[in-house]
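Letter by letter, the chains look like this.
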Amino acid sequence: MTDVIILRGAFSDICKNFSLMPNATLVKTTQQPIVKAECYHCHDEIKDTTVHFEDKDFCCEGCKTVYQILNENDMCAYYALDANAGVSQKNKNVQFAYLDDAEVVAKIVDFQDETTTRVTFLLPQMHCASCIWLLENLYKINPSVFNSKVNFLKKEVTILFSQHEISLREVAQLLASIGYAPEINFNDIENEQKQVIDRTIYYKIGVAGFAFGNIMLFSFPEYFGLGESLDKSFVPIFGYLNLILAIPVLLYSSRDYLTSAWQGLKHGHLNIDVPLSLGIIALFGRSAYEILSHTGAGFMDSFAALIFLLLTGKWFQQKTFNHLSFERDYKSYFPVAANVKKEGKEVSTPLNKLEIGANIVVRNGELIPADGVILRGHAKIDYSFVTGEAEAVTKKSGDKVFAGGRQMGEAIEVSLTRKVSQSYLTELWNNDAFKTSAKSHISFLAERAGRYFTGVILVVSMVAFIYWFPQDMGKAINAATAVLIIACPCAVALAIPFTMGNILRILGRQQFYLKNTNVIENFERVDAIVFDKTGTITQRLKSDITFIGEKLTHYEEDLVKSLTQHSSHPLSRQLCEMLSNRDIYTIENFKETVGQGIEGVIHNHIVKIGSSPFVLNTEGGDKSGVFIKIDNQLKGYYEFKPNYRTGFEDVLTYFNKKHEVYLLSGDNDKERDYLNPFFEKLHLNFNQTPNDKLNFIKKLQSEGKKVLMIGDGLNDAGALQQANIGVVISENTNNFSPACDAILQADKFSKLPAFLSLSKAGSEIVNRAYFIALCYNIVGLSYAVSGNLQPVTAAILMPLSSATIVLFGVLSGNWKAKKEKILS
């Protein structure tokens, strides 16, 4: 009889063409193997009817249709990316007629204007690299799709398409036609979509735990040396039962590790699952050989324990990481507030407290935080934050506006139809269009360490096996297996997300919100810090204001109030606040020149407010203040005596010790004498336009400097985006900007040195974690190569080492935060 085991693909098919019998020898068979037809698209076995197209076989018309679509669009590279790329189309007939209903569409889409729609679909069928490639190349199949972006972890795809050329229903049908029918439940329409929880890891742990417990039960005679006293017929029976219990553990519980290793090898990449998979196969293979050849009892208990502990460690890692991600994405909120209109007054309200039906005021340059309907005013919405298109869209009273749009004209009043979605704002903030392409040195180190570490471990394992093989076969396998298991580079991979994620969490609680962990890593490299002045080191709404010139009449003050109430600039907000008891009139042709001033027509009066070059047309350009001109007649100007933020002197003194510090201000230099002690003479720059600020940042970078720009996000957008790190100071105004990497609540300004010190400590903590992992592996490997470390012991130590690294990173970050007096 023939005794052969075949491991196919990711070791998912055993003994299909052969049978297993005890006491058998390996015999070469002359019988031709049975070739089973399989579908070219989904690789399912073809049992009954076969659909032919060209020289290929398909299990159904659906699979053939998908292949034809890909073939016609020259996209058959889809099949080359993964051996099991396709999704079966049998018995799939999904109807999407309800997506023609305007009310349903309005509840599903993320964004919609006259030409473009943005929607996010859940695609449970997504499972591999081929899926990602195909879904992100939808535009090749249908040019009406502008862009599609996959979130593989959430199994979601976000699609931007032309609604005049293809409807939402047709988009859903397009996805269904290529095997990825979106899952849209009634829940998604009536309520907020709930996150789908993947529970497969619990099932895999359950299978491994069940097998582990029962294998131990059947192995008690071996543990207590009772094997020889038993009836010899029971020994092989217990062995076969252990083998039967271990097979589901191999094929199901350990499948993720084996599949990952196989995919990595297929693409020529040694990922961290390769040594683990070799250890799993070696342990199972040796145990199966001993049981079937009756040369020993095998180590199926150790094998099942190994998988059980690996999965438990993986669950622990996921649980901790998900906790950090959950706290960041859903519990925290950006330190921006909307101005809610209540009983004729504006009340600054945090975004997380905005309710459906609230009426908010959105001024020029401010972000719309949630979907709503315009009640008053003429809107000119810039949706580049959402669609990438910079051309503003005109909206009138009664029109719908979407979260993420930025008002570029007069103030508008919006009634909210949806609650603020923090996860949506986070998604916009992390849009690829606003990310730097440079990879941080720590991430690069982790990637290189993981790759080369895997290669070194494979070599050490092989050397240990070769050394012990002539002396003791069992010891050789033990040594090789223990090396592969204990020296997993998981610690290297975990050091960054847990350490940096914890720091991200601590800073978020202190209202210093960072875009991602890369920002933390980049703080270490900063050597030049650039400050804006107005609204950054000075407070927005606290200045001593004096009017110089002929006293304005009440009506003229009404005109000033009516114009300034549309602007979000700090000086406009202070004037508007000072004139709070004045009347407000309707404005026409409102226009704001960034960093210069505002103008508009009120009751047929032309009103201009701003800097002297803007209002006086360069006449008197050396004068400071906010100038007022009504019907081409200069009325005078408001003089502002700035009120600097609490602790600003200490902040600048701290940064001057370790960095080059610069000031860029759009104001004149009347504050130069006061600021001279905090800046070098050549580092004070006044009368700077937004373009001047941008060019100054470029100049510093051309000199090799890594620049941190700190501004208020209004006149500094270009400079903030150009800088290596851009930090916006937020003071109860909706200036949330994609140009920045971090947002700091204004009343936390004095803690900025402590925040940066904690961020820089993140890199040191990661490097120390690497050192701990290195020491652990040196000690562990010294025992493993000696053959004295059992695989099951290695399996216990491996997740413990990962837990050690996680705890070290988290506790070290907390200790540093307490040392900097960030945490109490």
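Predicted model, so just to flag it, every value in this text is computed and none were measured.

Conventions adopted
Residues numbered from 1 in each chain as written. Predicted model: local features only at pLDDT ≥ 70, side-chain atom pairs only at ≥ 80, totals over all residues. Heavy atoms only, no water. Helix = DSSP H or I, 4+ residues; strand = E, 2+ residues; numbered from the N terminus. Buried < 20%, exposed > 50% of the residue type's maximum accessible area, 1.4 Å probe, protein only. Contact = heavy atoms within 4.5 Å. Areas by Shrake-Rupley, 256 points an atom, 1.4 Å probe, with all protein chains shown as cover. Patch = residues over 30% accessible without salt bridge, like charges linked within 9 Å, V, L, I, M, F, W, Y side chains within 5 Å. Salt bridge = Lys/Arg side-chain N within 4 Å of Asp/Glu carboxyl O. Axes fitted to C-alpha atoms, helices over the stretch in contact; angles between N-to-C directions. Nonpolar A, V, L, I, M, F, W, Y, C, P; charged D, E, K, R; others polar. Phe/Tyr/Trp six-rings, centres within 6.5 Å; stacked < 30°, edge-to-face > 60°. Pairing = 2+ DSSP bridges. Core = buried A, V, L, I, M, F, W, Y, C linked by side-chain atoms within 4.5 Å. pLDDT = per-residue confidence, 0-100.

On to the overall build of the protein chain. Scanning the protein chain from terminus to terminus reveals 28 helices and 28 strands. In the protein chain, which comprises 824 residues, the proportion classed as buried is 51%. Considering only contacts within the protein chain whose residues lie at least 6 apart along the sequence, 66% involve residues at least 24 apart. Carbon and sulfur atoms make up 54% of the accessible area of the protein chain, which amounts to about 38800 Å² in all.

Before going further, it helps to spend a moment on a nonpolar patch on the surface. Judged by side-chain polarity, Tyr202, Tyr203, Tyr252 and Trp315 come together as a nonpolar surface patch covering roughly 400 Å² of accessible area. Note on placement: tyrosine 252 falls in helix H10 (residues 234-253). According to the relative accessible area criterion, tyrosine 252 is partly exposed, its value standing at 31%.

Following the criterion strictly, the structure yields 18 salt bridges and no others. Measuring nitrogen to oxygen at the nearest pair gives 2.8 Å for the salt bridge that ties glutamate 346 to arginine 363. On the criterion of sequence distance, the pair formed by glutamate 346 in strand S8 (residues 345-350) and arginine 363 in the loop between strand S9 (359-362) and strand S10 (372-376) is long-range, its members being 17 residues apart. In this structure, the salt-bridge partner of arginine 582 is aspartate 558, at a minimum N-O distance of 3.1 Å. Of this pair, arginine 582 sits in the loop between helix H21 (570-578) and strand S19 (588-593) while aspartate 558 sits in helix H20 (residues 554-564), and the two are 24 residues apart along the sequence. Like aspartate 558, arginine 582 is buried. Salt bridges sharing common partners tie together Glu660, Lys699, Glu703 and Lys705.

Below, the discussion takes up the packing of helix H23 (residues 648-658) against helix H27 (residues 752-785). The contact between H23 and H27 brings their axes to 9 Å, and the two run at 35 degrees. Here H23 contributes Val651, Tyr654 and Phe655 to the contact with H27, which in turn contributes Leu752, Pro753, Leu756 and Ser757. For the contact of H23 with H27, the residue count by class is six nonpolar, one polar and no charged.

Another point: the packing of aromatic side chains. Tallying each qualifying case throughout the model produces 19 aromatic pairs. Aromatic pair phenylalanine 111 and phenylalanine 402: ring centres 5.3 Å apart, planes at 65 degrees, arrangement edge-to-face. In this pair, phenylalanine 111 sits in strand S3 (residues 111-112) while phenylalanine 402 sits in the loop between strand S13 (400-401) and strand S14 (406-407), placing the two residues 291 residues apart along the sequence. By relative accessible area, which is 3% here, phenylalanine 402 ends up buried. Here the aromatic rings of tyrosine 467 and tryptophan 468 are separated by 5.1 Å at their centres, their planes lie at 85 degrees, and the arrangement is edge-to-face. According to the relative accessible area criterion, tyrosine 467 is exposed, its value standing at 52%. You can call tryptophan 468 buried: its relative accessible area is 12%.

Taking strand neighbours across the sheet as the criterion, the three strands line up as S12-S11-S14 in an open arrangement whose pairing is antiparallel. Where the open sheet ends on each side, the last strands, each with one partner, are strand S12 (393-395) and S14. Pairing analysis gives two bridges linking strand S11 (residues 379-382) to S14, with the strands arranged antiparallel. The partner of aspartate 382 across the bridge, within S14, is arginine 406.

Right, let's talk about the sheet that holds strand S25 (residues 684-685) for a bit. Spatially, seven strands are ordered S16-S28-S27-S26-S17-S24-S25 in an open sheet, and the strand pairing comes out mixed. With partners counted over all chains shown, the strands left at the sheet margins are strand S16 (512-514) and S25, one partner each. Judged from the two bridges that link them, strand S24 (residues 660-664) and S25 form a sheet pairing that is parallel. Residue leucine 663 lies in a different strand from S25, and its bridge partner there is leucine 684.

Note that soluble globular proteins tend to have their nonpolar side chains buried in a common cluster. Formed by 49 residues in total, the largest nonpolar core has its most connected members in Phe512, Leu514, Phe531, Leu675 and Leu708. Among the elements that make up this core, the one with the highest residue count is H27 (nine residues). Discounting residues that sit within four places of it in the chain, phenylalanine 531 has contacts with Thr536, Ile537, Val651, Leu652, Phe655, Val661, Tyr662, Leu663, Leu664, Ile710 and Phe749. One finds Val66, Ile108, Val119 and Ile184 within the second-largest nonpolar core, a separate group that totals 34 residues.

For the rest of this paragraph, the subject is H20. Counting buried positions along H20 yields nine of 11 residues, so the element is predominantly enclosed. Within the span of H20, buried status applies to Glu556, Glu557, Asp558, Leu559, Val560, Lys561, Ser562, Leu563 and Thr564.

Overall, aspartate 558 belongs to the buried group, its relative accessible area being 4%. Here the alpha-carbon distance between aspartate 558 and aspartate 583, two residues 25 residues apart in the chain, equals 5.2 Å. Setting aside residues no more than four positions away along its own chain, aspartate 558 makes contact with Arg582, Asp583 and Tyr585.

This next bit is on the environment of tyrosine 467. Its place among the elements puts tyrosine 467 in helix H16 (residues 441-468). Separated by 12 residues in sequence, tyrosine 467 and alanine 479 have C-alpha atoms that sit 9.7 Å apart.

Within the secondary structure layout, leucine 292 lies in helix H12 (residues 273-293). The exposure class assigned to leucine 292 is buried, which follows from its relative accessible area of 10%. For the pair leucine 292 and proline 236, spaced 56 residues apart in sequence, the C-alpha to C-alpha distance is 8.3 Å.

Phi angles above zero are rare outside glycine, and aspartate 631 is one such case at about 50 degrees. By relative accessible area, which is 37% here, aspartate 631 ends up partly exposed. Of note in the backbone geometry, asparagine 687 takes a positive phi value of approximately 55 degrees without being a glycine. Mapped onto the secondary structure, asparagine 687 falls in the loop between S25 and helix H25 (690-702).

Attention now goes to the confidence of the model for the protein chain. Residues at a pLDDT of 70 or more form 75% of the protein chain, whose mean pLDDT is 76. Throughout residues 188-196 the model reports pLDDT below 50, and contacts reaching past four residues in sequence, or to other chains, amount to 10 contacts. Confidence drops under a pLDDT of 50 for residues 324-333, and excluding neighbours within four residues, the segment shows 25 contacts in the predicted structure.

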